[in-house]
Amino acid sequence: MFSVEFDTSGLKTTYDRANIEAMKGAIAAVKFGVEELMKAATRNLMGVAHPPGTKSPYPGNLPVTRISRELSKSMKYHFFNPISAIVYSDLRSANYAAYVHDGTRRMKARPFLKNAVSERQQAILNRMRYETLKRVGR
Amino acid sequence: MIRAGYELTDVQKAVTDFLRSKVSAGVPWSSWTVVEGWPDQTVFANFTRLFLYSHTPLWVGEDVQQGGKGLRRLEMTIGGWSCIAAGGAEEAAIALSQLLALFDDPAVNVATFNSVIGGTAYTAKTFPQLGIYINDVTNPRAIEFRDEDDFRGEVSLQITC
């Protein structure tokens, strides 16, 4: 009688390790993404400062001009879990954030968050690819 | 010859002209109007029809290619703005679903339209013939403010040129 047995335990270990390393890459990339979006969105809110009641020196354009600085201070982030997070403007600090972002009949939209995502999405995806390949490739 | 060296506002003009061609083509588009850029107060003074508006595109990156300059990747926001007199939420929903269907269909890159870009008139050209490629469109995002009777939503176009 002749029989052949394959020992796949090594393969499984490699597979599991690759999964763990890929997850570590994703965690690092999400952290990078949150930092990048916070930086970019805050930058979009750090325009010229001017006193209350005076006209904006460049109305309707980014970066949003600062009067009270509440809007830039309202930028927050929250991690739901290590690979899922949100960057947002806290309406409790600046309840007018949505009006500034999306515009109204009397005010042009200044999408400080949406533009931050558009500007940084490729960098974040590149970092995700790099972090994952760097670890899995070991 | 395919046009090159686009300014961001040129791309905005081309997309706006394309929307204008749709508006003049037939229902349901013919019930709406098109505004290039952010609507000013004259638009709201006679606000009885839903209007479509277009933001200036945003430069988001560049495609890498060997042996030449890569195409620029742009993201452009297009919105539909309705009020009670213009048909309310239902009209806004129709406009946004039409925008989604229009730009999600690969046929958008073979549809012909007339456009005037940078003082040059282009007759019956497609987007690729103008050097513009519509790649994708995002799901509509509703914008609602409780203290206003306006109904709005926006989609984002991914464009290369």
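Residues numbered from 1 in each chain as written. Chains lettered and ligands numbered in written order. Predicted model: local features only at pLDDT ≥ 70, side-chain atom pairs only at ≥ 80, totals over all residues. Heavy atoms only, no water.

Caption draft 1: The overall build of chain A, seen in detail. The helix and strand tally for chain A stands at 4 helices and 2 strands. Ordered by position from the N terminus, the helices and strands of chain A form the series α-α-β-β-α-α. Across its three principal directions, the C-alpha atoms of chain A cover 95 × 25 × 25 Å. Expressed as a percentage of its 138 residues, the buried residues of chain A come to 35%. Pairs at least 24 residues apart make up 53% of the contacts formed inside chain A by residues separated by at least 6 positions. As presented, chain A carries roughly 8900 Å² of accessible surface, and 59% of it is formed by carbon and sulfur atoms. Here chain A contributes 23 positively and 11 negatively charged side chains, and the mean placements of these two sets differ by 13 Å. (Helix = DSSP H or I, 4+ residues; strand = E, 2+ residues; numbered from the N terminus. Buried < 20%, exposed > 50% of the residue type's maximum accessible area, 1.4 Å probe, protein only. Contact = heavy atoms within 4.5 Å. Areas by Shrake-Rupley, 256 points an atom, 1.4 Å probe, with all protein chains shown as cover. Lys, Arg positive; Asp, Glu negative; His and termini not counted. Charge placed at Lys NZ, Arg CZ, Asp CG, Glu CD.)

Caption draft 2: View of the overall build of chain B. Check the secondary structure of chain B and you find 3 helices and 9 strands. Reading the secondary structure of chain B in the N-to-C direction produces α-β-α-β-β-β-α-β-β-β-β-β. Whereas a compact globule of 161 residues would reach a radius of gyration of roughly 15 Å, chain B reaches 16 Å, a difference of no more than 12%. C-alpha extents for chain B along the principal axes are approximately 55 × 30 × 30 Å. Of all 161 residues assigned to chain B, the portion counted as buried reaches 49%. Intrachain contacts of chain B at a sequence separation of at least 6 include 60% that bridge at least 24 residues. (Rg over C-alpha atoms; globule rule 2.2 N^0.38 Å.)

Caption draft 3: Broad picture of the interface of chain A and chain B. Facing 17 residues of chain A, the contacting portion of chain B comprises 20 residues. Carbon and sulfur atoms supply 48% of the area that chain A and chain B bury against each other, a total of about 1600 Å² over both sides. By the criterion of area lost to chain B, the three top residues of chain A are Asp-102, Arg-105 and Lys-114 of chain A, representing 42% of everything that side buries. Linking chain A to chain B there are 2 salt bridges. For Arg-105 of chain A, the salt bridge identified is with Asp-150 of chain B, shortest N-O distance 2.8 Å. Breaking the side of chain A that touches chain B down by element, the ones donating at least two residues are helix H3 (97-102) and helix H4 (112-136) of chain A. (Buried area = accessible area lost by both parts, 1.4 Å probe. Salt bridge = Lys/Arg side-chain N within 4 Å of Asp/Glu carboxyl O.)

Caption draft 4: Looking closely at helix H1 (residues 8-23) of chain B. Residue and element names in this part refer to chain B. A rise of 1.5 Å per residue sets the reference length of H1, with its 16 residues, at 22 Å; its end C-alpha atoms lie 23 Å apart and thus fit the reference within 8%. Listed as buried for H1 are Asp-10, Val-11, Gln-12, Ala-14, Val-15, Thr-16, Asp-17, Phe-18, Leu-19 and Val-23. Buried residues along H1 sit in contact with strand E1 (33-36), strand E2 (51-54), strand E4 (72-83), helix H3 (88-104), strand E5 (113-117) and strand E9 (150-160). (Expected span 1.5 Å × (residues − 1).)

Caption draft 5: The pattern of salt bridges, seen in detail. Applying the stated criterion to the full structure yields 16 salt bridges over all chains. Close ionic contact of Lys-13 of chain B with Asp-17 of chain B constitutes a salt bridge, the shortest N to O distance being 2.9 Å. Within this pair, Lys-13 of chain B and its partner Asp-17 of chain B are both found in helix H1, separated by 4 residues, close to a single helical turn. A salt bridge links Glu-154 of chain B to Arg-152 of chain B; the nearest nitrogen and oxygen atoms lie 3.9 Å apart. With respect to burial, Glu-154 of chain B and Arg-152 of chain B carry one shared label: buried. Connected through salt bridges with shared partners, the residues Asp-102 of chain A together with Arg-141, Arg-152 and Glu-154 of chain B form a single ionic network.

Caption draft 6: Here's a closer look at a nonpolar patch on the surface. A cluster of nonpolar side chains, namely Met-23, Ile-27 and Ile-83 of chain A, defines an oily patch on the protein surface of about 240 Å² accessible area. Along the chain, the position of Ile-27 of chain A falls in helix H1 (residues 9-44). (Patch = residues over 30% accessible without salt bridge, like charges linked within 9 Å, V, L, I, M, F, W, Y side chains within 5 Å.)

Caption draft 7: Structural detail: the packing of H1 of chain A against H4 of chain A. All names here are of chain A. Where H1 meets H4, the axes come as close as 8 Å, and the angle between the chain directions of the two elements is 155 degrees. Compared by their axis directions, H1 and H4 come out roughly antiparallel. Relative to H4, H1 is oriented so that their crossing is right-handed. (Axes fitted to C-alpha atoms, helices over the stretch in contact; angles between N-to-C directions. Parallel < 35°, antiparallel > 145°, perpendicular 65-115°, else oblique. Left-handed = near helix turned anticlockwise from the far one by under 90°.)

Caption draft 8: Representation of unusual backbone geometry. A cis amide bond links Leu-62 of chain A to the next residue, Pro-63 of chain A, at an omega of -5 degrees. Mapped onto the fold, Pro-63 of chain A is located in the loop between H1 and helix H2 (70-73). Looking along the chain, the bond that leaves Val-27 of chain B and enters Pro-28 of chain B is cis, with omega of -5 degrees. If you trace the backbone, Pro-28 of chain B turns up in the loop between H1 and E1. Positioned with a positive phi, Arg-69 of chain A is a non-glycine residue whose angle comes to about 70 degrees.

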